[in-house]
Amino acid sequence: MCTLQEVCEELCNIIPSSKDKFGLSIIDKNLLGDACFTMLDIAVNEFFSSNWPRCHHLCKVLLDITWEHLNTGHWKDVAISWRYTYTFVSLLKAASEYALYKIGRSYALKEAIATCDMGLLMGAPVLDSILTKVVTQLQRLSTQTTESHSSQNIGPDTKCSTNIVTQLSDVPSLTPEYTVDVLQCPSLQYFMEHHVLAAKPVVIAGAMEHWPAMDLKGPRHWSLDYIKTTAGCRTVPIEVGSKYTDESWSQKLMTVTDFINTYIMDPNKQAGVGYLAQHQLFDQIPELLEDVSIPSYCGLGECADVDINAWFGPAGTISPLHQDPKHNFLCQAVGEKYLRLYDIKYTPQLYPHSGYLLCNTSAVDVESPDQDKHPLFSAAPYTECILKPGQMLYLPPKYWHYVRSLSVSFSVSFWWE
Ligand SMILES: O=C(O)CCC(=O)C(=O)O
């Protein structure tokens, strides 16, 4: 038997201690309907009675029902109450799984971590982002268990750190007069005047040297072992296919370790190209945020919010020519990327897709354009660069950019306003 008190203590007492502190009142009862809300109410009662198998079973049913609502119509039209429900139920299910793990179901700890990740990916934050806190603690407990097992089995010194192999492939030759300027840590004032106000891209070098992720000898250097240890058991969305405009492109959920083994380590690319792209990994795993640093230039923005996204993948990932609404620093932590850039004034020569969803994306295959379909494209002036580790590219809002990785690569983008 594992009591509610034990579960709550091991999860750092962050789970509310009684039903009335649970905060279910933010859910619109009418929207959920009587049957669904009653089932949720019973699941909470079972949770507070430490009836783990029953609570777990009800949560599975509730997540199935909620999943249907989350996947009907456009994501932006999904009522927030369904997303709150998904988060609350994920929390109950993860805590029940932890209790089941404590009474002998050894795989249930991994399940609890995956349950929290699904809640983080599909739900909406409740109770002061409780799922992030719970999963951080579950991950800590899981790492302690793994470490105690591996020290029993192989001893502490047998672990070696696998640096990410960043061999380059298909490197394009750049035309010197088209290459983007590279500046060594310009002053804020110079950067503001010559790049932000002039809406002109620039590569900044020497401004990422203090990142723990970049410190080859430090404990937080982004080796494969480090990424697996810090994030390996976490579930993330992976884009599969060479680019998101292809018919065969799809998305799937997998753990970071499975992603690395399948798409980064396999030199034959049997599974095709997989890309952990535009994912708010640092919100999901706040520990990783300690490895990077928001570029000080973002302080020039009027709004303090900065959207941080991870872009981790093998050589050959392609982000088709597209534009984003905010200022961007694309920071290269591992490996190299080729970028082709077009000023917004050349938009008519770039053939944006028609239709709401892809109107920020060009229909042109930048490195192999179809002259018949897109005759104006080849005359559009552009600049280009190969972004190297430790360099960050500034992109003004709406500036068109095409990105192809030349090696295994990990970039972090900072979008600011
Ligand atoms: O690195 C990539 O593949 C794309 C990055 C990008 O489009 C961005 O940061 O806005």
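Residues numbered from 1 in each chain as written. Predicted model: local features only at pLDDT ≥ 70, side-chain atom pairs only at ≥ 80, totals over all residues. Heavy atoms only, no water.

Looking at an unreviewed UniProt entry, one finds the protein chain named JmjC domain-containing protein 5 and attributed to Ridgeia piscesae. Note on the protein chain: under the UniProt heading Cofactor (unreviewed entry), the record states "Fe(2+)". According to UniProt, the comment filed for the protein chain under the heading Subcellular location (unreviewed entry) is "Nucleus". (UniProt positions renumbered as here; feature names shortened; annotations may be inferred.)

Undergrad: Describe the sheet that holds strand S3 (residues 235–240), listing the residues and the values that go with them.
TA: Reading across the sheet, the nine strands line up as S1-S2-S11-S8-S13-S6-S5-S3-S4 and stay open at both edges, with mixed pairing between neighbours. Each edge of the sheet is formed by a strand with only one pairing partner; in this case those strands are strand S1 (182–184) and strand S4 (250–255). Each adjacent strand pair in this sheet contributes to an overall mean axis angle of 30 degrees, direction not counted. Helix H6 (residues 108–122) rests against S3, S4 and strand S5 (274–279) of the sheet, and its axis sits at about 65 degrees to S3. (Pairing = 2+ DSSP bridges. Helix = DSSP H or I, 4+ residues; strand = E, 2+ residues; numbered from the N terminus. Axes fitted to C-alpha atoms, helices over the stretch in contact; angles between N-to-C directions. Contact = heavy atoms within 4.5 Å.)

Undergrad: How would you sum up the site of the ligand? Please name residues and give values.
TA: Around the ligand, the neighbouring residues are Tyr275, Trp311, Ser319, His322, Asp324, Asn328, Leu330, Lys337, His401, Val403, Ser413 and Trp415. With respect to the ligand, the side chain of asparagine 328 contributes an N or O atom lying 2.9 Å from an oxygen atom. Burial of the ligand by the protein chains amounts to 100% of its free accessible area of 300 Å². At a threshold of 2 Å from the grid points, most atoms of the ligand map onto the largest cavity. Those elements that provide at least two residues to the shell around the ligand are strand S7 (318–322), strand S8 (327–334), strand S12 (400–405) and strand S13 (409–416). (Near = heavy atom within 4 Å. Polar contact = N/O pair within 3.5 Å; in protein donor to acceptor, adjacent residues only side chain to side chain. Areas by Shrake-Rupley, 256 points an atom, 1.4 Å probe, with all protein chains shown as cover. 1 Å grid on protein atoms, 1.4 Å probe; cavity = no way out; pocket = protein on both sides within 12 Å on 5 of 7 lines; lining within 4 Å. Sits in = over half its atoms within 2 Å of the grid points.)

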